[in-house]
Amino acid sequence: MTWELLDTWIVATAAMVAVACVLPGCFLYLSRQSMMSHGIAHAVLPGIVIGHLCTGQVETPALFIGAIVAGVICALLTRFLQNHSGVEEGAALGISFTFLFAVGLAMQRLLADDVHIEPSHVLMGNLETAVFNILFTDDLAPEAFWRASVASVINLLFIVIFFKELTFSTFDPNHADTVEARPRLMYYGLMTISALTCVVAFEAVGSILVVAMMILPPAIASFFTKRLKPLIVLSLAFALLSTLIGHLLSISLFGDIAQLLFRLPRSTSTNTAGGITLVLCAFLGLGILWKSISTRLQNHTS
Amino acid sequence: MSSTALEVNHLTVCYEKKPAVWEADMSVPTGSMAGIVGPNGAGKSTFLKAVLGIIPNASGNISFFGQPYKKVKQRVAYVPQRESVDWDYPISAVEVVLMGLYKQVGLFRWVTKEHRKQAEEALDRVGMLPFASRQIGELSGGQQQRVFLARALVQQADLYMMDEPFAGIDATTEKVILGLMQDLKSEGATVLCVHHDLPTVADYFDHLTMLNLSVVASGKMNDVFTKEQLMKCYGGRLELLTKLTDSLAKLEGLKGSPTH
Amino acid sequence: MDISHLTQILLPAHNLRVIYLGVCSLGIAAGMLGCFLLFRKRSLLSDTVGHATLPGVAGGFLLSALLYPGEGKNIFILMLGALVFGWLSVQVVQWMMRHTRLRQDAALAVSLTGFYALGVVLLSVIQKSGLPDSSGLEYYLYGMVASMVQTEAWILCGTAVAATLLTTLLLKELNALCFDEGYAQTQGLPHRWLDETLMTLCLIVAIVGLQTVGLLLIMALFIIPPATARLWTNSLKKTLAISALVGALGSLIGALVSSEVEHMPAGAAIILATSLLFFLSLLIGRRKGLLSRHLEYYAIERRLAENQYLRAVFDGLEAQQQVRLFCGLKFSRKLAMTDFLIRDTLAKRNWTTTKQSAITRSLLKQGLLTLTGTESAALTDKGLNRAIETAKTHRLTEMYLLEHAEVAQKNVHQYVERIEEITTPEIANDLRDLFEERLQQELIPQEPHEVK
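Now for a look at the structure at hand. Not measured: the values here are computed from a predicted model.

Here is what the cut-offs are and how they apply
- Residues numbered from 1 in each chain as written.
- Chains lettered and ligands numbered in written order.
- Predicted model: local features only at pLDDT ≥ 70, side-chain atom pairs only at ≥ 80, totals over all residues.
- Helix = DSSP H or I, 4+ residues; strand = E, 2+ residues; numbered from the N terminus.
- Buried ≥ 20, exposed ≤ 12 C-beta atoms within 10 Å, placed from the backbone.
- Contact = placed C-beta atoms within 7 Å.
- Nonpolar A, V, L, I, M, F, W, Y, C, P; charged D, E, K, R; others polar.
- Axes fitted to C-alpha atoms, helices over the stretch in contact; angles between N-to-C directions.
- Parallel < 35°, antiparallel > 145°, perpendicular 65-115°, else oblique.
- Left-handed = near helix turned anticlockwise from the far one by under 90°.
- Pairing = 2+ DSSP bridges.
- Expected span 1.5 Å × (residues − 1).
- Bend = angle between axes of the 7 residues up to and from the residue.
- Core = buried A, V, L, I, M, F, W, Y, C linked by C-beta atoms within 7 Å.

A look at the overall build of chain C
In terms of helices and strands, chain C carries 24 helices and three strands. Across the 452 residues that make up chain C, the buried fraction comes to 48%. Put simply, of all contacts in chain C between residues at least 6 apart along the chain, 72% involve residues at least 24 apart.

Structure representation (C-alpha cells):
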C-alpha cells in the first residue's frame, strides 16, 4: 500500500460528501423516512438529464435545479399517491421513484448517451476519477471537493437555522403545526437539501450508497446516545472515521485479497465508496453489540 | 375578552371510510372546565383535531375567542394523545417543553437561558423537574403526560385543549393534572378535555359536551349530565345517523378530497 | 416502418416468441406475488432484495471465473449467488426489526446499502481484473431482453407457472396471513412457514427476472401491478388476476419497445410501460380512479337534481290542491294529471335555464313526465310514485334529524337540500321502520320545517 496525494484528496472529498449526507440524513432517519432518501436518490436522475439537455453542459446550475425539482416531485408524487390511490406509503414511494428513475434512465440512454453522466458512475460512484483531475491542474482542490463542501455548508446552514423547527416537526408534527413551526415547509425543505446532496454525492459515491451515507451514521449513533445534538455529532464522527478506514481498507486489505485471488499483476484497490459503506455496516454491528451488552449489564446490576 | 373561548358551528369531518364528526355545534364559555365525552369511535379526538386544523378538509365555522384560529394560535395550547408521538426520538423532557415556547423564541433565534428557565418552571409545576434531562421514552406513561402538560403550560395560553389526558396514567399524575386544572381555572384560563371515564366526569368538569358523531348535548354539567342524554349518546338510537353520515362521507370522497 | 417490419414485430420468429413468452410469465408471476407483498405492507422489501442481489451476481461471476477459468460466466452460479444474497438481505431486515431498535424503514435502508456496497466492491475488483465477458454484467443492472437465451426464457416460464400454481393452491392461507397474521397464527396456520414460502417465491421470481429487468428496477414489477389492480377492484381474486394481467402487459410492451428502440434499457422500458398502465388506471380505474369518481359524483348530482325537481312538483301540487294525502292512491290519478308550469315550480331552486331544461329532458326520457304545453308538464303515474317516495324519504329524514339526532333547525335547513343524495334505499327503509306509527296515520308526513 502506498499513500499518495490522490488518496488524500479521495479521503477529503469523501469526508465532505459524508458531512453533506449525514446532516439531512439524521432528520430523515429520525422521521422514519429512511427509504425516502433512496427514492430521492433515484428520482433526481430525470432532473439531471433534463438540466443537462437544456444547457448542454455537465457543470451547470441547471443540473442542480433540475435535480431538486425532480426530488421534490418525487416527495409530492408519493404523498399524492398515498392520498389518492389507496396504497401504503412504502408502495407509493416505490411507484413514484421507480417511475421517475425509469424516465431518467430512458432519457439518458436515448438522448444524452454521449455525455459523461455515465450510468455506472451514477450507480457506483468513483471517487478516484472524481478527484483525478487534481494531478493535472493547478487547482487548489478537486472540483468534487468544492462541490461537496458547498453542499455541506448549505446543509449545515439549513440545519443550524431551522434546528428548532426541524426537531419539532420530526418529533411531533401535529403540535409543531399548532405552535406555527411550519412542519410541511420543513419537510419539503428537507427533501430539497436531500436532493441537492444526492446530486453532489453522485459522482463520488453513486446514487445508492448516498443512502448509506445518509442513514447508516445516525442509525449507528442511535445505539450510543439518546440526545439529538450528540446524535448528530456522533453521526458525523462515525461517517468521517469510516471514510478514512474505508479508503485505507480499499487500497490495502480488500485490494490485496483481490490481488491474491486473481493474481492481478499490480497493486490494486477497490471501490472506496463501497469500502466506506462496509465499514459503516461494521460500526452498526458494533453498535448493536454494544447495546445488547450494556442492556444485559444493566439488567445484571439492577 | 370574549365570553366564549371556543365556538364550533356545523363542524363536519369526513373520512372516506368512516365519517367522524357530523354537523357538530357547541361552545365553551371562557373560564370553564369543559369535558367532551362519548362512546368509543364517536369522533372525540377527531373533533379536537379538526377544531385545531390538524385534520384538513373539515368544514364548518370555528372561532376561538371570537376570532379565527389562525389569529389566536398562541392563545391555544394542545396536549395530544400520548400514542401519537415517537418515544424513541432522541429528545429530553425539557426540550419537549421548550417546543411550547416556539413562538416566543421565534424563527432564526436560539433558545436562551430565560426560555430554559421558563421550561424548567413549567416542569416544576407538574413535578417533573428532577426528570428534566431524561430522554422522553425513559419516562413512565404518567410522567410523559405531565411533560406534555408542561409543554402546554409554558405557552401560557388562555385555552388548553387536551386529548384524553387521564388515559392510562398513575394516581400521582391524575392528582397533578387535576390540581393544575384547578389552578388554570383560578387564573381564568379555559380547559377543554376529551375524557373517557364517565364516573369521574361530574367531579372534574363544570361544562360538558356529549359527542356521538354529532353533538348530542352541550351545556352546563347539571343540565347535560342526565340519564336521558346519556341514553341518547350511548344508546343505539344514533345508528341511523351513522348510516346517513356514512353515505355523506362516501359522497365527499367522490368529490376528490384525499383519503386519510 | 414498412409492412414487413410490422409483421416481424407482430409475428416474431420462434426464438423471439419464446422470449416474449418468458417476459410475460415474469410479469404474471411478479404481479401475483407482489399483491401479497402489498397486502403485507412490505412492498419496499422487494427493493432491498433487488439491490442486495448485486454481491451475489458479482460474487458468482468471480467464483465462476475462479472455478472454471476461461469459460466465461456461468449463469447458474450467478443466479445461485443472487439467491443467497437476496435471501440473506431479507433475513437481515427481519432480524434487525425484531432484535434492534431500528424501524422497518431504517432496517430496509441498512440492509439494502450494506449488501449493495459489497457488490460495488466486488464489481470494482471485476473491472480491475480484466476478466473476459465482464461487460455482460451491466445487463444485470439495467436489464436486457435481447440477451436472453432460450434456456433463460424457459426458466422464466417454468418459474412463473410454478409460482402461479403455488399461489393458487395457497390462496386461502396466504389471504389469512396477509389479512390478519395474529389470527392466522391462532388458527394453527404455519404462518412462519407460509411467510418464508412467500418470500422465497418472490425471491426466485425476482432473481430469474434479474437479467430481463435489471436489479435496479425489478422491484417495480412487484409494486406497480398490484397497486394498479387495487384501483380497479376490491376482491382478492380479481386483484390477483388484474395484477397479473398488468404485469404481463407492461412487460410485453416494454420488451417490444426496448427491442425496437436502440439503446433503450429493457428495465426502464418495462417499468415505463407498467407505470403508464398505472397512471391510466389512476385516472379511469373503477374503484378509486379519479375520473370514475367524478363520473359517479356527477351521476349522483344528476339524480339529486331529478329528485329535487320531482319533489318541487310534488310540493307544488300538494299546496295547490290543499289536500293532505291520507290515502294517496285515490288521489294519485288526479294528481298525476294535473299539469304545472315548469318555471314556477322550479322558481325556488335558482337553477340555470340550461339545467332546468336538461333535467326536464332527462325526466321526459325516463317517462316520468309528459309535456302538456310549451311550458307546462304533468307527472306520469311512474313519475308520481317516485315523487311521493322522494318527498316521503326527504321528510322522514328531516324528522329524524330534528327529533332524534338533535340537529338544530337551522342546520337541517342547510343540509336539507342534500338529503336526497345521502339517503340510500337502506336508510329509507330504516326511516320507515322508525316512524312506522306515524306513517299509519298519514301516508306522507307534513314538511317538518318551514322551507325558506
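A short note on the overall build of chain B
Secondary structure summary: chain B contains 10 helices and nine strands in total. Here the contacts in chain B between residues at least 6 apart in sequence split such that 72% fall between residues at least 24 apart.

Looking at the interface of chain C and chain A
Chain C puts 51 residues into the contact, and the matching count from chain A is 51 residues. Elements that contribute at least two residues to the side of chain C that touches chain A include exactly α3 (43-52), α6 (104-129), α7 (138-142), α13 (220-230) and α15 (266-284) of chain C. Looking at the side of chain C that touches chain A, its residues break down into 34 nonpolar, nine polar and eight charged.

Examining the packing of α3(C) against α6(C)
All names here are of chain C. In contact at an axis separation of 8 Å, α3 and α6 are set at 15° when each is read in the N-to-C sense. In terms of orientation, α3 and α6 fall into the roughly parallel class. Taken as a pair, α3 and α6 cross one another with a handedness that is left-handed. Together, L44, L45, D47, T48, H51 and A52 of α3 and L108, S111, L112, F115 and Y116 of α6 make up the contact between the two elements. For the contact of α3 with α6, the residue count by class is seven nonpolar, three polar and one charged.

Comments concerning unusual backbone geometry
Even without being a glycine, A:R32 presents a positive backbone phi close to 60°. If you trace the backbone, A:R32 turns up in the loop between α1 (5-30) and α2 (34-55). Non-glycine residue B:F65 carries a positive phi angle of around 50°. Summarising the element assignment, B:F65 is placed in the loop between β4 (59-64) and β5 (76-79).

Considering the sheet that holds strand β6 (residues 159-163) of chain B
Sheet strands pair by backbone hydrogen bonding; their relative direction is either parallel or antiparallel. Residue and element names in this part refer to chain B. Taken in spatial order, the six strands line up as β5-β6-β7-β3-β8-β9 in an open sheet, and their pairing is mixed. Here the strands that pair on one side only, and so sit at the sheet edges, are β5 and β9 (214-220). Each neighbouring strand pair of the sheet contributes to a mean axis angle of 15°, computed without reference to strand direction. On the sheet, helix α5 (residues 141-153) packs against β5 and β6 and is oriented at approximately 170° with respect to β5.

Details of α2(A)
All names here are of chain A. For α2, with 22 residues, the first-to-last C-alpha span of 33 Å sits near the 32 Å given by 1.5 Å per residue. Of all bends in α2, the biggest is about 25°, found at L45, and the proline P46 comes one to four residues later. Summarising burial for α2: 19 of the 22 residues are buried, a large majority. A positive phi of about 75° marks G56, the residue just after α2.

Section: the environment of C:L156
All names here are of chain C. You can see L156 is positioned in helix α8 (residues 150-169). In this structure, the C-alpha to C-alpha distance between L156 and G209, residues 53 residues apart in sequence, is 7.1 Å. When residues no more than four places from it in sequence are discounted, the contact partners of L156 are G22, S25, L26, V208 and G209.

Notes on the nonpolar core
A:V17, A:M213 and B:V97 are the most contacted members of the largest nonpolar core, which has 292 residues in total. In terms of residues, this core owes the most to one element, helix α10 (residues 183-221) of chain A, which gives 26 residues.

Observations regarding the environment of A:A41
Secondary-structure assignment places A:A41 in helix α2. Once residues within four sequence positions are removed from consideration, A:A41 is found in contact with A:C198, A:S207, A:I208, A:V210 and A:V211.

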